[in-house]
2 protein chains.
Amino acid sequence: MSLLVIGTVAFDAIETPFGKTDKIVGGAATYAGLAASYFYDKIKIVAVVGDDFPEGEIADFNKHGIDTEGLQIKKGEKSFFWSGKYHNDMNSRDTLITDLNVLADFDPIIPENYQDCEYLMLGNLTPQVQQTVIGRLKNRPKLIVMDTMNFWMDIAMDDLLTTIKMVDVLTINDAEARQLSGEYSLVKAARKILTMGPKYLIIKKGEHGALLFHEDKVFSAPALPLAEVFDPTGAGDTFAGGFIGYMAKVGTVNFNNMKNAIIFGSALASFCVEKFGTEKIKNLTETEVAARVQEFVQLSSFQIG
Amino acid sequence: MSLLVIGTVAFDAIETPFGKTDKIVGGAATYAGLAASYFYDKIKIVAVVGDDFPEGEIADFNKHGIDTEGLQIKKGEKSFFWSGKYHNDMNSRDTLITDLNVLADFDPIIPENYQDCEYLMLGNLTPQVQQTVIGRLKNRPKLIVMDTMNFWMDIAMDDLLTTIKMVDVLTINDAEARQLSGEYSLVKAARKILTMGPKYLIIKKGEHGALLFHEDKVFSAPALPLAEVFDPTGAGDTFAGGFIGYMAKVGTVNFNNMKNAIIFGSALASFCVEKFGTEKIKNLTETEVAARVQEFVQLSSFQIG
């Protein structure tokens, strides 16, 4: 029994109204793996880096209980690098540099002892690679969660639709739900997307929280109102990692557990944006996480009748 | 003991992607009064119309238990008229016509038997008129709720700031909170606005719900995800009316009751947008309202621990 996370492990250079970083460690699998590690301890990662990736960072994964046997290190090659600049409202950003490097021909090799995977987190990546991972698992995991983005809708819609058919939970943002469905109303968008394969759809709305759709049910999760968002990079990956980490911990896939998983994922994401990169989510205590979850409970609870 | 509602009683002509109306009855006091009537039965209205305003509509107010002694009818004059067209996303609109008519020199006369007012809803109007009403009440109401909009921030900021100082609860939308405070973060905006007079601030976020700020506490209320928004006109007024109507019903002003009041206000507002104008909120049953409130409970409840 384990949780397999695939996605990028990479370098980012980030500029926000609050400051600027040099190359720091980022990537969907990095954020998702670290976030999941607060809830579950059998996490395995499949990703690729170049030999420029610091050994200390890999040791940090291991310290968080993340198995890195499936992290390929390509000699003489460079890790994926993304650089972006956030606008003043922190809701929009410009991509300055995308150097695919090792990602250009990433072949996701699944080590033999990863075949006990019961929970699969397909972090944001080429839909083709996400699909390959599913195909290489001998047993279909109990729960497959897929994160993706508008970029793949623009350039690889057919692949995306094929991959979406194979997953249980899809996480996308509101603009992406509209793009994928061609519907402006999120309710109509959700109805359409739930006919495309996934049994659950999570629509991430950033500072407005998230919606979970399943059959004819909806759950609306709040976002914690924050005085300052320092760096939004990785918040969506952190959310997804916290979500599946919590699901792996409780072990039963149903709507009620997913509601809680969204709250735990949102709590982790609210930490993520408080510092640059992974700085905050690398160094949380269980007490801090529990207290933050209680803030979400306080924030949204009311008693009627 | 009564709830006094001031605001416009008017005609609107509305165009949305779903259709178009001729002159229909609208106005902040109309929506707020009708919404409040589902929770409280001693509602009194102060407003002004011309003699073009249909007697049947006034009779409808009375049928909802709304006292119209304070509704001035100006002989030979015309009622306030607004015409607008909503864009496809229903979140933005263009004003096509604003004919102030009787509103141009509205003097809000308070009938003597309105002086038992304990709850005061200052619907969206010139801040100067809102202020005059407070001044003309012999006893300060137990709870004053004020709704306003960016228009008054643009042309009458000083008056607005004076009026804001005198109220307990301010309801504005997120863009208006940012404009009023000069802060982008809604948490920082709320902190600043809570130093301007109001003890409670409600930030309305439309399809993203509402936030209630008080001292260092925050409550996040969801919005009901709707497949179709037919006509958003009056949703904010309906919300405010439902809010204060519920507060008048429970009779105790505190944070927990306000959380519930926001849910009841949101439930009424979710009905409002389902039809043109007041059509839907004029004809609700108690059972329908109770069922809708239960949808809000289902929508946002989760059990952790």
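Keep in mind it's a predicted model, so treat the numbers as computed, not measured.

With that out of the way, let us pick up the overall build of chain A. Looking only at helices and strands, one finds 10 helices and 14 strands in chain A. Relative to a compact globule of 305 residues, whose C-alpha radius of gyration would be 19 Å, chain A shows 18 Å and is just as compact. Over its C-alpha atoms, taken along the principal directions, chain A stretches across nearly 65 × 45 × 35 Å. Taken over 305 residues, chain A has a buried fraction of 59%. By sequence separation, contacts in chain A at least 24 residues apart represent 65% of the contacts at least 6 residues apart. Total accessible area on chain A is roughly 12,100 Å²; 49% of this is exposed by carbon and sulfur atoms.

To continue, consider the side chain of S266 of chain B. Residues and elements named next belong to chain B. Here S266 is to be found in helix α9 (residues 255-272). S266 gets classed as buried once you look at its relative accessible area, which sits at 11%. Separated by 2.7 Å, the side chain of S266 and the backbone oxygen of I262 make a polar contact. Apart from the residues lying within four places of it in its own chain, the contact partners of S266 are P222, F239 and F296.

The two copies are related by a screw operation: chain B maps onto chain A through 180° of rotation and 0.0 Å of translation along the axis, at an RMSD of 0.0 Å. Here the two chains are linked by the operation of a two-fold rotation axis. When C-alpha positions in chain B are compared against the rotation axis, the closest is assigned to H208 of chain B, at 3.0 Å. The share of interface residues of chain B whose copies in chain A are also at the interface is 100%, consistent with both copies meeting through the same surface.

Moving on to the sheet that holds strand β9 (residues 117-122) of chain A. Residues and elements named next belong to chain A. Across the sheet, nine strands lie side by side as β6-β5-β1-β9-β10-β11-β12-β13-β14; this open sheet has mixed pairing. One side of each edge strand has no neighbouring strand; the edge strands of this open sheet are β6 (66-74) and β14 (217-221). When strand polarity is set aside, the average angle formed by the axes of neighbouring strands in this sheet is 15°. Relative to strand β10 (residues 143-147), β9 runs parallel, the two being bridged by four bridges. Residue pairing for β10: L120 is matched across the bridge by I144. Taken strand by strand, helix α1 (residues 28-36) contacts β1 (2-6), β5 (43-50), β6 and β9, and its axis lies near 160° from that of β1. Across the sheet, helix α6 (residues 174-181) is in contact with β11 (169-173) and β12 (200-204); its angle to β11 comes to roughly 110°.

The pairing of strands in a sheet happens through backbone hydrogen bonds and is either parallel or antiparallel. All names here are of chain B. Taken in spatial order, the nine strands make up an open sheet running β6-β5-β1-β9-β10-β11-β12-β13-β14, and their pairing is mixed. Each end of this open sheet is capped by a strand with a single partner; those strands are β6 (66-74) and β14 (217-221). When the angles between neighbouring strand axes are averaged without regard to direction, this sheet yields 15°. Note: strand β5 (residues 43-50) against β6, seven bridges, orientation parallel. Residue pairing across strands places A47 opposite L71, the latter belonging to β6. Against the sheet, helix α6 (residues 174-181) engages β11 (169-173) and β12 (200-204), with an angle of about 110° to β11.

Moving on: helix α7 (residues 186-193) of chain A. All names here are of chain A. Of the positions making up α7, those classed as buried are L186, V187, A189, A190 and I193. Projection of α7 onto a plane perpendicular to its axis shows the buried side chains occupying an angular sector of 160°, all on one side. As for α7, its buried residues are in contact with β11, α6, β12 and β13 (210-214).

As a further point, take the packing of α6 of chain B against helix α7 (residues 186-193) of chain B. Residue and element names in this part refer to chain B. In the contact formed by α6 and α7, the axes pass within 9 Å of each other and the chain directions differ by 60°. On the basis of the axis angle, α6 is oblique to α7. Crossing geometry of α6 relative to α7 is assigned as left-handed. Residues D174, A177, R178, L180 and S181 of α6 touch α7, and the partners they reach there are L186, A189, K192 and I193.

Time to look at the nonpolar core. Ranked by size, the top nonpolar core spans 63 residues in total, and within it L3, V9, F243 and I262 of chain A carry the most contacts. Here the element with the most residues in this core is helix α9 (residues 255-272) of chain A; it accounts for 11 residues. Ignoring sequence-local partners within four residues, the contact set of L3 of chain A consists of A36, Y40, K42, I43, K44, Y119, L120, M121, I244 and G245 of chain A. The next biggest cluster of nonpolar side chains, apart from the first, holds 62 residues, and it includes I58, L224, Y246 and F296 of chain B.

Rules of the game
Residues numbered from 1 in each chain as written. Chains lettered and ligands numbered in written order. Predicted model: local features only at pLDDT ≥ 70, side-chain atom pairs only at ≥ 80, totals over all residues. Heavy atoms only, no water. Helix = DSSP H or I, 4+ residues; strand = E, 2+ residues; numbered from the N terminus. Rg over C-alpha atoms; globule rule 2.2 N^0.38 Å. Buried < 20%, exposed > 50% of the residue type's maximum accessible area, 1.4 Å probe, protein only. Contact = heavy atoms within 4.5 Å. Areas by Shrake-Rupley, 256 points an atom, 1.4 Å probe, with all protein chains shown as cover. Polar contact = N/O pair within 3.5 Å; in protein donor to acceptor, adjacent residues only side chain to side chain. Least-squares fit on C-alpha atoms with pLDDT ≥ 70 in both. Pairing = 2+ DSSP bridges. Axes fitted to C-alpha atoms, helices over the stretch in contact; angles between N-to-C directions. Arc of directions from axis to C-beta. Parallel < 35°, antiparallel > 145°, perpendicular 65-115°, else oblique. Left-handed = near helix turned anticlockwise from the far one by under 90°. Core = buried A, V, L, I, M, F, W, Y, C linked by side-chain atoms within 4.5 Å.

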